[in-house]
Amino acid sequence: MYLRDGPTDVAKQLDSLGVVGISCYMCNWEWSKLLAESVKGLYPDCLVVMGPQVPAEPQDFFSVFSYADLLVHYEGGTTFSEILLEYLNECPDYTQVHGISVRAQNGQCIQIFGRERTLDFTV
């Protein structure tokens, strides 16, 4: 059995967030969504990034889960580092980062393809 604090308690322990990356998998999906929602509620200007087990075709995702700003598809190491570098720009444009989906101002989804998978699962 694995014990952990509730998502709201975890969010309250964080301080002055600019960006939060939440690792999402089937085993923690419900908890991760609650954490993202709690973080966004406490820090509305925080950039909430979720992935990698997020919908591959997330057209309606951002209208349902308004607390998420970016979705990282597949492996996230390189992609997340590019998101952080873009965040440092005066006017970040996350559509320059490949392999993500971005919540547009109208709540719609902009999907940026082009990130090659780095892991080869073929045997």
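Residues numbered from 1 in each chain as written. Predicted model: local features only at pLDDT ≥ 70, side-chain atom pairs only at ≥ 80, totals over all residues. Heavy atoms only, no water.

Q: It is not clear to me how helix α2 (residues 29-42) should be interpreted in this structure. Could you clarify?
A: The α-helix winds at 3.6 residues per turn, so residues separated by three or four positions along the chain end up facing the same way. The end-to-end C-alpha distance of α2, which contains 14 residues, comes to 20 Å, matching closely the 20 Å that a straight helix rising 1.5 Å per residue would cover. Within the sequence span of α2, burial applies to Trp 29, Trp 31, Ser 32, Lys 33, Leu 35, Ala 36, Ser 38, Val 39 and Lys 40. Elements in contact with the buried residues of α2: α1 (7-13), β1 (19-24), β2 (47-52), α3 (61-64) and β4 (100-103). (Helix = DSSP H or I, 4+ residues; strand = E, 2+ residues; numbered from the N terminus. Expected span 1.5 Å × (residues − 1). Buried < 20%, exposed > 50% of the residue type's maximum accessible area, 1.4 Å probe, protein only. Contact = heavy atoms within 4.5 Å.)

Q: Hey, could you run me through the sheet that holds β4 in this one?
A: What links the strands of a sheet is backbone hydrogen bonding, and the strands pair in either a parallel or an antiparallel sense. Pairing is mixed across the open sheet formed by five strands, whose spatial order is β1-β2-β3-β4-β5. Every other strand in the sheet has two partners, leaving β1 and β5 (109-112) as the edge strands with one partner each. Neighbour-to-neighbour, the strand axes of this sheet turn through a mean angle of 20°, independent of strand direction. Examined bridge by bridge, β4 and β5 share four bridges and lie antiparallel to one another. Looking at β5, one finds that Ile 100 is bridged to Ile 112. (Pairing = 2+ DSSP bridges. Axes fitted to C-alpha atoms, helices over the stretch in contact; angles between N-to-C directions.)

Q: Even after reading the chapter, I still don't get unusual backbone geometry, so can you show me in this structure?
A: Glycine aside, negative phi is the norm for most residues, and most peptide bonds take the trans geometry. Residue Pro 52 follows Gly 51 across a cis peptide bond; omega there is 5°. Relative to the helices and strands, Pro 52 resides in strand β2. At Ser 16, a position not held by glycine, the phi torsion is positive, near 50°. The residue Tyr 74 is not glycine, and still its phi comes out positive at about 70°.

Q: Sorry, what's going on with the packing of aromatic side chains here?
A: One pass over the structure, following the stated rule, counts five aromatic pairs. Both rings, one in Phe 61 and one in Phe 65, keep their centres 4.6 Å apart while their planes meet at 40°; by these two values the pair is tilted. For Phe 61, a relative accessible area of 6% corresponds to the buried category. An angle of 65° between the planes, with centres 6.0 Å apart, marks the rings of Phe 65 and Tyr 67 as edge-to-face. Given the relative accessible area of 10%, Tyr 67 is considered buried. Through pairs of rings, three or more aromatic residues link up here, namely Trp 29, Phe 61, Phe 62, Phe 65 and Tyr 67. (Phe/Tyr/Trp six-rings, centres within 6.5 Å; stacked < 30°, edge-to-face > 60°.)

Q: Any chance you could explain helix α4 (residues 77-87) here in plain terms?
A: The set of residues buried in α4 consists of Thr 79, Ile 83 and Glu 86. The buried side chains of α4 occupy one side of the element, clustering within an arc of 65° when seen end-on. Turned more than 90 degrees away from the buried face of α4 sit Gly 77 and Leu 85, all of them exposed. The inward-facing, buried residues of α4 contact β2, β3 (70-72) and β4. (Arc of directions from axis to C-beta.)

Q: I tried to follow the side chain of Asp 69 on my own but got confused; where do I start?
A: Within the secondary structure layout, Asp 69 lies in the loop between α3 and β3. From its side chain, Asp 69 meets the backbone nitrogen of Val 48 in a polar contact 2.8 Å long. Beyond its immediate chain neighbours, meaning those up to four positions away, Asp 69 contacts Lys 40, Cys 46, Leu 47, Val 48, Phe 62, Ser 101, Val 102 and Arg 103. (Polar contact = N/O pair within 3.5 Å; in protein donor to acceptor, adjacent residues only side chain to side chain.)

Remember, this is a structural readout, not a statement about activity or role.
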